[in-house]
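Chain by chain, the residues run as shown.
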Amino acid sequence: MQQVSWVDRGQAVSFDKQVDDVPRPRCVGVARLGSLQSSGTSFTVWMQLRGSAWVEAKEGKFRLRQLEWIAFEKESRPLIQAGRDGLCIAVSLDAEALRALGALADCSLYAGRGRMTRHEARLALRLWREAKAGQAGVFALRPLLLHLASLQRELSDGIQRCPGRSRSRKRQVFGRMQRARMYLEGNSHRVVRIGELAELTNFSSWYLSKTFQTLYQESPQSLSARLRLERAAMLLRDTGMMIGEVASASGFDNCCSFARAFRARFGTSATRYRHAVETLPPDSAKSTNPSRKSIASV
């Protein structure tokens, strides 16, 4: 059976359905309404070069926009659906490739999200093409692995703030905290309980809350509330949903609690926020979206 490394024009491919003796490509791409289901045996990093894509994984559902990247642990099994004009490239890394990265730069890759500059995106595409041409061995992946590590440099800065006597322990804790943060971002349509995050990370609720606050300077509950309100703002900008529908789609039980929380966050009512966005030029309207250089910043 031949490897499938490029999914395009509505084609759907699932690596989980391939037989075990067929090697899976390390470098893959998804474009123009194509969809790809990753296997549960590889760490994957996805980079959106054009348009947008939707991603469904164990951690939830994500929107991937141009010049954004997102990384998943192997158990996540992300399903990528490219938009009509979307172009997304990815690298799938097994244990051998991750060990090679550790030997090269004494660093690891973590689940998370972030943004790239145009220069970083062009460099990623060139290195991806070179790795794809010679992807029979790990050696061809080295330049791309180092580039991916550089994209995560802001994430790795948080490792030192994690508890642990050894660097290995700090990395382990950081990886679990990133797993919790990704889960919060992927479930911004509802209230996420601390117990869910504790079970996800195999930490106690107390230890999780304390470490999360230290690492991100924000409690899990506060981040969940902020993400839900940012989702509500996005729905007000980009859809014609009624205010009550936006509140429900953002995990609020009633319009009153939503109205109070929205005003406290944005300083105006949801109705006035929508009206203000509608009267702005398109470029100005985009700028009202709370931006972060690193979507999963620490």
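Residues numbered from 1 in each chain as written. Predicted model: local features only at pLDDT ≥ 70, side-chain atom pairs only at ≥ 80, totals over all residues. Heavy atoms only, no water.

A. Focus on the environment of E218. Secondary-structure assignment places E218 in the loop between α7 (205-216) and α8 (220-238). By relative accessible area, which is 16% here, E218 ends up buried. Other than its neighbours up to four places away in sequence, E218 contacts F212, Q213, L223 and R226. Here S222 takes part through its side chain, which lies 3.5 Å from a polar atom of the side chain of E218. Engagement of the side chain of E218 in a polar contact is seen with the side chain of R226, the distance being 3.0 Å. (Helix = DSSP H or I, 4+ residues; strand = E, 2+ residues; numbered from the N terminus. Buried < 20%, exposed > 50% of the residue type's maximum accessible area, 1.4 Å probe, protein only. Contact = heavy atoms within 4.5 Å. Polar contact = N/O pair within 3.5 Å; in protein donor to acceptor, adjacent residues only side chain to side chain.)

B. Spotlight on the packing of aromatic side chains. Evaluated as defined, the whole model comprises ten aromatic pairs. Seen in terms of ring centroids, F212 and Y216 are 4.6 Å apart; in terms of plane orientation they differ by 55°. Their pairing is tilted. With F212 and Y216 both in helix α7 and four residues apart, this pair spans about one turn of that helix. For the pair shown, F212 and Y216 are each scored as buried. For the pair F252 and F258, a centre-to-centre distance of 5.3 Å together with 65° between the ring planes defines the contact as edge-to-face. Every member of this aromatic cluster is reached through a ring pair, and the members are F252, F258, F262, F266 and Y273. Lying across the ring of F252, R228 places its NZ or CZ 4.3 Å from the centre. (Phe/Tyr/Trp six-rings, centres within 6.5 Å; stacked < 30°, edge-to-face > 60°. Lys NZ or Arg CZ within 6 Å of the ring centre and 35° of its normal.)

C. Representation of the nonpolar core in the model. Among the nonpolar cores identified, the biggest contains 51 residues, and L141 and L144 are the most heavily contacted of them. Here this core gets six residues from one element, more than from any other, and that element is helix α5 (residues 167-186). Excluding residues within four positions of it along the chain, L141 makes contact with R26, C27, V91, L93, A97 and A131. L36, F62, F72 and M182 belong to the second-largest nonpolar core, a separate cluster that totals 20 residues. (Core = buried A, V, L, I, M, F, W, Y, C linked by side-chain atoms within 4.5 Å.)

D. Spotlight on the sheet that holds strand β7 (residues 60-65). Pairing within the open sheet is mixed, and its five strands lie in the order β2-β4-β9-β6-β7. In this open sheet, the two strands that pair with only one neighbour each are β2 (12-14) and β7. Each neighbouring strand pair of the sheet contributes to a mean axis angle of 15°, computed without reference to strand direction. Where strand β6 (residues 52-57) lies against β7, six bridges are found, and the strand directions are antiparallel. Bridging from a neighbouring strand, V55 pairs with F62 of β7. (Pairing = 2+ DSSP bridges. Axes fitted to C-alpha atoms, helices over the stretch in contact; angles between N-to-C directions.)

E. A look at the packing of α8 against helix α11 (residues 270-278). Viewed as axis vectors pointing N to C, α8 and α11 meet at an angle of 50°, and their least axial separation amounts to 9 Å. Compared by their axis directions, α8 and α11 come out oblique. Pair α8 / α11 crosses with right-handed handedness. Between α8 and α11, the contacting residues are A233, L235, L236 and R237 on the first element and A270, Y273, R274 and V277 on the second. Classifying every residue of the contact of α8 with α11 gives six nonpolar, no polar and two charged. (Parallel < 35°, antiparallel > 145°, perpendicular 65-115°, else oblique. Left-handed = near helix turned anticlockwise from the far one by under 90°. Nonpolar A, V, L, I, M, F, W, Y, C, P; charged D, E, K, R; others polar.)

The analysis is restricted to geometry; functional conclusions fall outside its scope.
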